Amino acid sequence: MSRVTIIGCGVIGATIAYELSQFPELKITVLDKETPAKAATGAALGVLMGVVSQKIKGRNWQLRENSIKRYETLIPELEAITGRKIPVNRDGIFMLCREGEDLSNWEKLVATRKSQGWNLEIWNVEKVRDRFPQLNLERIITGIYSPQDRQVDPTVLTLDLVDAAQQKGVDFEFDCTVLDIKISPTGSYQIQTPTENLECDWLIIAAGLGSTPLTAALKQSIDIRPVLGQALHLRLENTSISSNFQPVITCDDVHIVPLRKGECWVGATVEFPLNEGEIVADDVKLNEVMAKAIAFCPVLAEANIIRKWSGLRPRPEGQPAPIIRKLSGCDRVIIASGHYRNGILLAPATAQVIRDIILS
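Now for a description of the structure that goes with this document. Not measured: the values here are computed from a predicted model.

## A look at the pattern of salt bridges
Inference 1: Scanning all chains against the criterion turns up 20 salt bridges.
Inference 2: Lys-27 is paired through a salt bridge with Asp-171; the nearest N and O atoms lie 3.5 Å apart. Taken together, the residues span a long stretch of sequence, with Lys-27 in strand S2 (residues 26-31) and Asp-171 in strand S9 (residues 171-173) at a distance of 144 residues.
Inference 3: Here Arg-341 makes a salt bridge to Asp-253, at a shortest N to O gap of 3.2 Å. One end of the pair, Arg-341, is in the loop between strand S20 (330-337) and helix H9 (343-359); the other, Asp-253, is in the loop between strand S15 (248-251) and strand S16 (254-258), with 88 residues separating them in the sequence.

## What to know about the pairing of strand S14 (residues 224-235)
Inference 1: By the criterion of burial, S14 is predominantly enclosed, with nine of the twelve residues buried.
Inference 2: Inspection of the sheet shows S14 paired to strand S18 (residues 304-316) by twelve bridges, in the antiparallel sense. Its bridge partner lying in S18, Leu-232 is registered against Lys-308.
Inference 3: Relative to strand S17 (residues 263-267), S14 is paired through five bridges, and the arrangement is antiparallel. Opposite Leu-232, over in S17, you have Val-266 as the bridge partner.

## Side note on the packing of helix H1 (residues 11-20) against H9
Inference 1: Their axes nearest at 8 Å, the elements H1 and H9 cross at an angle of 45 degrees. Comparing the axis directions of H1 and H9 gives the class oblique. For the crossing formed where H1 meets H9, the hand is right-handed. Note on element contacts: H9 touches H1 through Gly-343, Ile-344, Ala-347, Pro-348, Thr-350, Ala-351, Ile-354, Arg-355 and Ile-358, opposite Val-11, Ile-12, Thr-15, Ile-16, Glu-19 and Leu-20.

## Here we look at the nonpolar core
Inference 1: Grouped together as the largest cluster of nonpolar side chains are 54 residues, with contacts concentrated most on Val-4, Ile-6, Ile-16, Leu-157, Ile-204 and Ile-358.
Inference 2: If one sorts the elements of this core by residue count, H9 sits on top with nine residues.
Inference 3: Those residues in contact with Ile-358 that lie beyond four places of it in its chain are Val-4, Leu-20, Leu-26, Trp-202, Ile-204 and Ile-334.
Inference 4: Counting 29 residues, the second-largest nonpolar core is a separate cluster that includes Leu-236, Ile-249, Leu-286 and Val-299.

Each value, and the rule that gives it
Residues numbered from 1 in each chain as written. Predicted model: local features only at pLDDT ≥ 70, side-chain atom pairs only at ≥ 80, totals over all residues. Heavy atoms only, no water. Salt bridge = Lys/Arg side-chain N within 4 Å of Asp/Glu carboxyl O. Helix = DSSP H or I, 4+ residues; strand = E, 2+ residues; numbered from the N terminus. Buried < 20%, exposed > 50% of the residue type's maximum accessible area, 1.4 Å probe, protein only. Pairing = 2+ DSSP bridges. Axes fitted to C-alpha atoms, helices over the stretch in contact; angles between N-to-C directions. Parallel < 35°, antiparallel > 145°, perpendicular 65-115°, else oblique. Left-handed = near helix turned anticlockwise from the far one by under 90°. Contact = heavy atoms within 4.5 Å. Core = buried A, V, L, I, M, F, W, Y, C linked by side-chain atoms within 4.5 Å.

Take a look at the structure:
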């Protein structure tokens, strides 16, 4: 039996744990210095922009496609195991295109997706106005509807992944800080925590920003830096925004995510560190996001703010996101981190890549 240790229990680590739990020949332990679904996962909106993405080939598209396909089976699996419903928006994603955008790029993408077996629709302004009377279409020239993309609650998803993996025999240790990692004389990996030393045959580092010091302990430091994101939870007391058709609406890199009747999430900011220092949530940036949302959905000006939240997203420095590969010089250490703004979207495909490496 191979011993597998996963460090990090955001959505990436939890999805890997669940995927590997399908194989009884693996003994899996997950460590996290916090409780699950904190940090980047807890800050995410869960918007799965796969088909509507302009990524059309190579690794970036393959990861997106594999994840969108896997989510269609993963969600029902988890619901059957846990007995709980996971909040999933199956009405798709609707993107507003503003004046100045080159529509030929979208026409080409529609054709490309059709050849790949996916559906995208270009709607004229009249159709957009008919379906979304609450929107301000003054500077909108068209809309792109992606019926096969989804949105999922990141926290509920992650907690249910943990529950399902536990039921399949995975051990989780939370509030457990990794102090050091060493390679034993036999080639296994020794993980030192405040209470014990664990030994494993495979080590998977899925700790987001925490991946940098962990890889440094193995003399192969990978530079992953924080990008802060802020979002809002809003409630509208009196509005006609609710309907039987409520896709995520996005414009100018701002998302409106419908929730239960009269409520929505709006986000998110993209805030980089200044002078290599700590990032402090900037109210001005969040106000700018809210102003953009109100500009294309004016009824949001009447909304009450239920909550504001923020989190740090892991962005690799000097290499593309995400990093999913063996760590150089360490044959049985795999890094699955640096997903930046696409951790929820790419979690299932990431887990499949890790599975294939371990079982090959």
